[in-house]
Amino acid sequence: MSFCKRFAQNRGALVGLVILGLVVLLALLAPFLYPDSPWRMVQRPFLAPGEVSGFWLGTDVMGRDVAAGLAHGAWVSLLIGLISTVVALAIGVPLGALAGYFGGRIDDALMRFTEFFQTIPNFALAIVLVAIMEPSTFSIVLAIAIVSWPPVARLVRGEFLSIKHREYVEAARLVGQTHRDIIIKQILPNTMSPVIVLASLMVATAILLESSLSFLGLGDPDTMSWGYMIGAARTVMRQAWWLSVIPGVAILLTVLALNLVGEGLDDALNPQLARAR
Amino acid sequence: MPYVSLILGRVFKAVIVLLAILVFNFFLIHAAPGDPAAVMAGEAGATDQQFLEDLRERFGLDQSLPVQLWRYMSGVLQLDFGYSYRQQMPVLDLILDRLPATLLLTGAAFVISLAFGILAGTLAAMRAKRPSGSVIMGLSLLFYATPLYWVAMMAVLVFSVMLDWLPAYGYSTVGAGYTGLTHVGDVAVHLILPALTLGLFFMAVYTRMTRTSMLSVSQQDFVKTARAKGLAPGVIQRRHILRNALLPIITLAGLQAGQMVGGAVLTETVFAWPGIGRLMYEALMQRDYNLLLGIFFFCALLVILFNMLTDVIYRLADPRIKEAT
């Protein structure tokens, strides 16, 4: 069975893919649908959804358009989720590969280092890092990457341990390939499917982390994000429920979609491990 | 006693990690924007040059970096975590004052999530091929994907604002002056929403773990043997599968401790629960770095203690594990 067929067999994954597609579309269209800054005050504050035409999701405490915030926030969430995952992979994959391939003392040292980062409560660490570096897209991405690379390193190390004694690796060693070539050309490509699955779940976690940081007031002050919108709506929850409900549903759907897609990828990439359903 | 050396080994490892966190903290303080003395002077509301110099001398900021590091570490070892100028109290007193509320909240959330998570996971595994099993897994995926702070706000919206069943925030009714059992009851009523919302996410995690673990144990030979000799399915589920499936849950519960502390920051912020999570939010708002890093250290300490506890429990529960630490 082809990859696409196996993926399509998981109905949840298809639903996830559709939702994710819509969120990506919203993010890409944001600059065209709402060319103005989402921070601009455009109407009376506290308009309920649909109260005034053209503002179908209402306005917030400052009279900013909620729909515009939602669209621009989608862009920010996806971007930060993706970039921080890429950075986390860039830290975790090489560390895991080196530890698993060379073993011995290098493995010991690298795994102690990984364990150290795994022991530290990760959300607390992210808060501290962003607070000290001052909130900005850069510091948020860096903090999320720093707290989310350890599982990648452990996964890649495990894969390397199980693959490095396979015959084709031994063969590559016999014909005199360098360590670098064996790691990059022989082993690494064969560890990619579990890494891709993990990465899709990491994007989801990163989006949750970013929204939690923004909720606490640690978002980039120049970008509109879903977490910020919820945080700003917290004190007016009694008067304007929609201000917290709408962005929350957006986060929930996006994270849910990514998780579903991740499960679908898992089924499609590791068919021999397909779980009992 | 093999356990003594085991525990000693764990303690040694934990001390190393804590020392590393202290060094890390120290460099973070120095990475913070602005000269610490200027920050302190600003916090104390003074701008005079002589005062700044005095502060630098008093806190050793005119010394070299290694000397400062040494002073900081030896201070912490004497339980001196510095002074919070914003709150006009030593950092340690502030944290110890707030610690019981956090322990109560996270403890309650932990028990709730573990109990309901294992129950739901067991049900889902037993009904893996039936719709009811899929419903449980669907719900757990939903809770897993929902931002914790948002669940907390929605809970307030529904149960406090709309239904008016439970208090929306705080630790106890302000000014009621309850004592004895009435006070305990009052705190318990305030605890329900925060503990449930914090527990919900972890419940989803445990549900998924228990299900996966049970399904993989049920494939093993001893389960087939039990089936072959004609044991009742219920007995096999409880005595053979569940017991063995719970072992990895203990380890994973230890790993979740760090997440729990992070979740407490969000939950306590929404519910104005007077724990160290809320204190961390206050420290953030006031840019009180001494306090922030002190809390960070305590969070790590809590997590490490909890990890050690689960490690020991795991080895007691499964005597087969005898690997050297």
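Residues numbered from 1 in each chain as written. Chains lettered and ligands numbered in written order. Predicted model: local features only at pLDDT ≥ 70, side-chain atom pairs only at ≥ 80, totals over all residues.

**Here we look at the overall build of chain B**
Short version of the rule: Only runs of H or I of at least four residues qualify as helices and only runs of E of at least two qualify as strands under DSSP, and these elements are numbered from the N terminus. Partly exposed residues are those whose C-beta has more than 12 but fewer than 20 other C-beta atoms within 10 Å; 20 or more makes a residue buried and 12 or fewer makes it exposed, with C-beta atoms placed from the backbone. Two residues qualify as being in contact provided that their C-beta atoms, derived from the backbone, are within 7 Å of each other.
Helices and strands together make up the secondary structure of chain B, namely 12 helices and two strands. Overall, chain B shows an N-to-C arrangement of helices and strands of α-α-α-α-β-β-α-α-α-α-α-α-α-α. Taken along the three principal axes of its C-alpha coordinates, chain B extends 85 × 55 × 40 Å. Of all 325 residues assigned to chain B, the portion counted as buried reaches 36%. Considering only intrachain contacts with a sequence separation of at least 6, the fraction spanning at least 24 residues in chain B is 71%.

**Digging into the overall build of chain A**
Counting its regular elements, chain A contains 11 helices and zero strands. Along chain A, from the amino end to the carboxyl end, the secondary structure elements read α-α-α-α-α-α-α-α-α-α-α. C-alpha extents for chain A along the principal axes are approximately 75 × 45 × 35 Å. Put simply, of all contacts in chain A between residues at least 6 apart along the chain, 69% involve residues at least 24 apart.

**Here we look at the environment of B:Leu291**
Residues and elements named next belong to chain B. Residue placement: Leu 291 occurs in helix α12 (residues 289–317). Distance from Leu 291 to Leu 94, taken between C-alpha atoms, is 8.5 Å for residues 197 residues apart in sequence. For Leu 291, the residues in contact, after removing those within four places along its chain, are Ser 84, Val 91, Leu 94 and Ala 283.

**Some points on the interface of chain B and chain A**
This is how the line gets drawn: Following the grouping adopted for this structure description, the nonpolar residues are Ala, Val, Leu, Ile, Met, Phe, Trp, Tyr, Cys and Pro, the charged ones are Asp, Glu, Lys and Arg, and the polar ones are all others, Gly among them.
At the junction of the two partners, chain B supplies 39 residues and chain A supplies 31 residues. Among the elements of the structure, α1 (2–31), α6 (131–145), α7 (148–162), α10 (233–271), α11 (276–285) and α12 of chain B are those that each provide at least two residues to the side of chain B that touches chain A. Considering every element that reaches the side of chain B that touches chain A, the biggest residue donor is α12(B), with eight residues. When its residues are assigned to classes, the side of chain B that touches chain A shows 34 nonpolar, five polar and no charged.

**Structural notes on helix α8 (residues 167–174) of chain A**
α8(A) sits mainly on the outside: zero of its eight residues count as buried. A:Gly176 occupies a position one or two residues after α8(A) and carries a positive phi of about 85°.

**Details of helix α11 (residues 242–269) of chain A**
Spacing of three or four residues puts side chains on the same side of an α-helix, whose turn is 3.6 residues. We count it as follows: What a helix should span is 1.5 Å times the count of its residues minus one.
Between its first and last C-alpha atoms α11(A) spans 40 Å; for 28 residues at 1.5 Å apiece the expected length is 40 Å, and the two agree. Burial analysis of α11(A) places 21 of its 28 residues in the buried class, the great majority of the element.

**Notes on the packing of helix α5 (residues 91–126) of chain B against helix α8 (residues 180–217) of chain B**
Residues and elements named next belong to chain B. Our working rule: For helices, the axis comes from a line fit to the C-alpha atoms of the stretch in contact; other axes are also lines fit to C-alpha atoms, and the angle between any two N-to-C directions lies between 0 and 180 degrees. By convention the crossing between two helices is left-handed if the near helix lies anticlockwise of the far one by an angle smaller than a right angle, and right-handed if it lies clockwise.
At a minimum axis separation of 6 Å, α5 and α8 run at an interaxial angle of 35°. Of the two possible hands of crossing, α5 and α8 adopt the one that is right-handed. Looking at side-chain class alone, the contact of α5 with α8 contains 23 nonpolar, seven polar and two charged residues.

**Some details on the confidence of the model for chain A**
Stated formally: In predicted models, pLDDT denotes the confidence assigned by the predictor to each residue on a 0 to 100 scale.
Per-residue confidence for chain A averages 86 on the pLDDT scale, and 95% of its residues sit at or above 70. The secondary structure element of chain A with the lowest average pLDDT is helix α1 (residues 3–9) of chain A, at 79, and the one with the highest is helix α6 (residues 137–148) of chain A, at 94.

**Here's the deal with unusual backbone geometry**
Positive phi, close to 75°, is recorded for A:Glu134, a residue that is not glycine. Mapping A:Glu134 onto the fold places it in the loop between α5 (122–133) and α6.

**Here we look at the environment of A:Asp36**
Residues and elements named next belong to chain A. Examined against the element boundaries, Asp 36 turns out to sit in the loop between α2 (11–33) and α3 (66–102). Assessed through the 12 C-beta atoms surrounding it within 10 Å, Asp 36 is described here as exposed. C-alpha separation for the pair Asp 36 and Ala 68, spaced 32 residues apart in sequence, amounts to 8.4 Å.

**Digging into the packing of α6(A) against helix α9 (residues 179–215) of chain A**
Residues and elements named next belong to chain A. For clarity, the cut-off: Geometric relationships in this document are graded by angle, where less than 35 degrees denotes roughly parallel, more than 145 denotes roughly antiparallel, 65 to 115 denotes roughly perpendicular, and other angles denote oblique.
Where α6 contacts α9, the axes come no closer than 10 Å and their chain directions differ by 130°. Here α6 is positioned oblique relative to α9, judged by the angle of their axes. The handedness of the crossing between α6 and α9 is right-handed. In contact with Ile 140, Ile 144 and Ser 148 of α6, α9 contributes Met 202, Thr 205, Ala 206, Leu 209, Glu 210 and Leu 213. The residue makeup of the contact of α6 with α9, split by class, is six nonpolar, two polar and one charged.

**Remarks on the environment of B:Met203**
Residues and elements named next belong to chain B. As for its position among the elements, Met 203 is in helix α8. The exposure class assigned to Met 203 is buried, which follows from the 26 C-beta atoms found within 10 Å. In this structure, the C-alpha to C-alpha distance between Met 203 and Phe 51, residues 152 residues apart in sequence, is 53 Å. Non-local contacts of Met 203, meaning those with residues more than four positions away in its chain, are made with Ser 113, Phe 116, Gly 117 and Phe 143.

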